[in-house]
Each structure stands twice: as structure tokens, then as C-alpha cells.
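Working through the structure, step by step
Chain residues, written in single-letter form:
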Amino acid sequence: MTDLSDPKTARELKGGTGIRRIINAAGYSMNGFRTAFRTEPAFRQLALLNVILLPIALWVDVSPAERAILLATPLLSLTIELINSSIEHVVDRISLELHPLSKSAKDMGSAAQFMGLVIIAVCWAAILI
């Protein structure tokens, strides 16, 4: 087993330093987006919602702060879905056996996504109505 307390070893495990690490991290992020889009219907639905809402946020006549909120909330929901999907993948990786803790983890991830959608609705309604 690798000793993670050794700084050199930990640095090597992270895939480089400086610009190389930034490039590697960007590649890992793009892989994450591709995987989420390919394997998660909820992510695709939220991506479509973003394709609809983001141009509207740029089009409506609102203050810069309001525009930032209109842009940020759908993106936040997309972020929550990435985290929710990550939780689901880790739980499924550990075991596909039905277990109360697995169900709780997945249900809480789903609840987080629900709250993200509520945040979109509340913010958009408060600004546009």
C-alpha cells in the first residue's frame, strides 16, 4: 500500500504540479461531464434546462446582480446533479445489495437535487414576477 503521508508520493498520485496538474484536472473534469451526459438521464435533462434558461437569463432586462442569480441557479443545479450522481456511483460500487444506508445516501442526494430545483424556481420567480 502507498504511504499517502509522504508529500512526494501524494503529489505523484495527483498527477503532477503546476500547469501539468491543471491540464490533468481539466481532462478529468471533461471525462466527468462526458460520463454524466452519457450515463445519467437526469444530468441530460438538467443540461437541456440550462440550454433553455441560460439564454433567457441573458435576454431578460434585469440588473447585473439579478442576471448573475438567473445564470448561477441552473448551473448550481447541474453541479448538484454531478455530486448526486457521484454519490450514486460510489454507493453502487460498494454494493448493489439493498441496504438502508445506501438508500439513505441516494435519497439525500435526490433531496439535494430537489432543493436545487426549488432554488431555481424561487429565484427566477422572485426576479421575474
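Keep in mind the model is a prediction, meaning the values are calculated, not measured.

1. A word on helix α4 (residues 64-94)
In a regular helix each residue adds 1.5 Å, so 31 residues correspond to 45 Å; α4 covers 45 Å between its end C-alpha atoms and thus fits that length. By the burial criterion, the buried members of α4 are L70, T73, P74, S77, L78, I80, E81, N84, S85 and V91. For α4, the secondary structure elements touched by its buried residues are α3 (41-59) and α5 (100-128).

2. Considering the pattern of salt bridges
Considering all chains together, one arrives at two salt bridges under this definition. A salt bridge links K106 to D92, with the nearest nitrogen and oxygen atoms 2.6 Å apart. Residue K106 is found in helix α5, and its partner D92 is found in helix α4; the two are separated by 14 residues along the sequence. Look at D92 and you get partly exposed, because its relative accessible area is 32%. A salt bridge links K103 to D107; its shortest N-O distance comes to 2.6 Å. Of this pair, K103 and D107 are both found in helix α5, four residues apart, which corresponds to roughly one turn of the helix. Classification of K103 as exposed rests on a relative accessible area of 52%. For D107, a relative accessible area of 38% translates into the label partly exposed.

Thresholds applied
- Residues numbered from 1 in each chain as written.
- Predicted model: local features only at pLDDT ≥ 70, side-chain atom pairs only at ≥ 80, totals over all residues.
- Heavy atoms only, no water.
- Helix = DSSP H or I, 4+ residues; strand = E, 2+ residues; numbered from the N terminus.
- Expected span 1.5 Å × (residues − 1).
- Buried < 20%, exposed > 50% of the residue type's maximum accessible area, 1.4 Å probe, protein only.
- Contact = heavy atoms within 4.5 Å.
- Salt bridge = Lys/Arg side-chain N within 4 Å of Asp/Glu carboxyl O.

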